[in-house]
Amino acid sequence: MYVGTLSFDLLLGDVRSLKEKRSVVRPIVAELRRTFAASAAETGSQDLYRRATVGFAVVSGDAGHLTEILDRCERLTAARPEVELLSVRRRIHRDDDE
């Protein structure tokens, strides 16, 4: 079993309030959940209205399949015109990792 995680650091475009931030971040999180049937959530920078950290996690029995899902997730997020992807942190864990 393999568990893959991504942490996206996003810079939001023309956002002037936390309410506007939610209107940008929520659809991204919802699309990741729906498209990949995996876990996604805003995980950081909640008090900053032009920055967001979004976490994504998925489990797979095959490392190649997991890498493919993580790559697709990263491309989907980077393609969103309303955000700039500043960095991505990727981790893959095996069930026998200590």
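Everything discussed here concerns the structure shown above.
Only a predicted model underlies this, so the values are computations on that prediction, with no experimental measurement involved.

**Remarks on the pairing of strand E3 (residues 51-60)**
- Counting buried positions over the 10 residues of E3 gives 7, a clear majority of the element.
- Where strand E1 (residues 2-12) meets E3, 10 bridges bridge the pair, whose relative direction is antiparallel. Looking at the pairing, Tyr 2 lines up with Ser 60 of E3.
- Between strand E2 (residues 39-44) and E3, which pair antiparallel and follow one another directly, the connecting turn spans 6 residues, one of which, Ser 45, has a positive phi of 60°.

**Here's the deal with the pattern of salt bridges**
- One pass over the full model with this rule turns up 7 salt bridges.
- We note a salt bridge from Lys 21 to Glu 42, for which the minimum N-O separation is 3.0 Å. Of this pair, Lys 21 sits in helix H1 (residues 18-36) while Glu 42 sits in strand E2, placing them 21 residues apart in sequence.
- Lys 21 gets classed as buried once you look at its relative accessible area, which sits at 3%.
- Judged by its relative accessible area of 25%, Glu 42 is partly exposed.
- Through salt bridges that share partners, Glu 31, Arg 80 and Glu 82 make up one connected network.

**Some words on unusual backbone geometry**
- A positive phi angle, close to 50°, is found at Ala 37, a residue other than glycine.
- Among the secondary structure elements, Ala 37 is positioned in the loop between H1 and E2.
- Taking the relative accessible area as the measure of exposure, Ala 37 reaches 71% and is therefore exposed.

**Details of H1**
- Counted at 1.5 Å a residue, the expected span for H1 with its 19 residues is 27 Å, and the 27 Å between its end C-alpha atoms agrees.
- Lining the buried residues of H1 we find E1, E2, E3, helix H2 (63-78) and strand E4 (83-94).
- Trailing H1 by a residue or two, Ala 37 shows a phi angle of about 50°, which is positive.

About the thresholds
Residues numbered from 1 in each chain as written. Predicted model: local features only at pLDDT ≥ 70, side-chain atom pairs only at ≥ 80, totals over all residues. Heavy atoms only, no water. Buried < 20%, exposed > 50% of the residue type's maximum accessible area, 1.4 Å probe, protein only. Helix = DSSP H or I, 4+ residues; strand = E, 2+ residues; numbered from the N terminus. Pairing = 2+ DSSP bridges. Salt bridge = Lys/Arg side-chain N within 4 Å of Asp/Glu carboxyl O. Expected span 1.5 Å × (residues − 1). Contact = heavy atoms within 4.5 Å.

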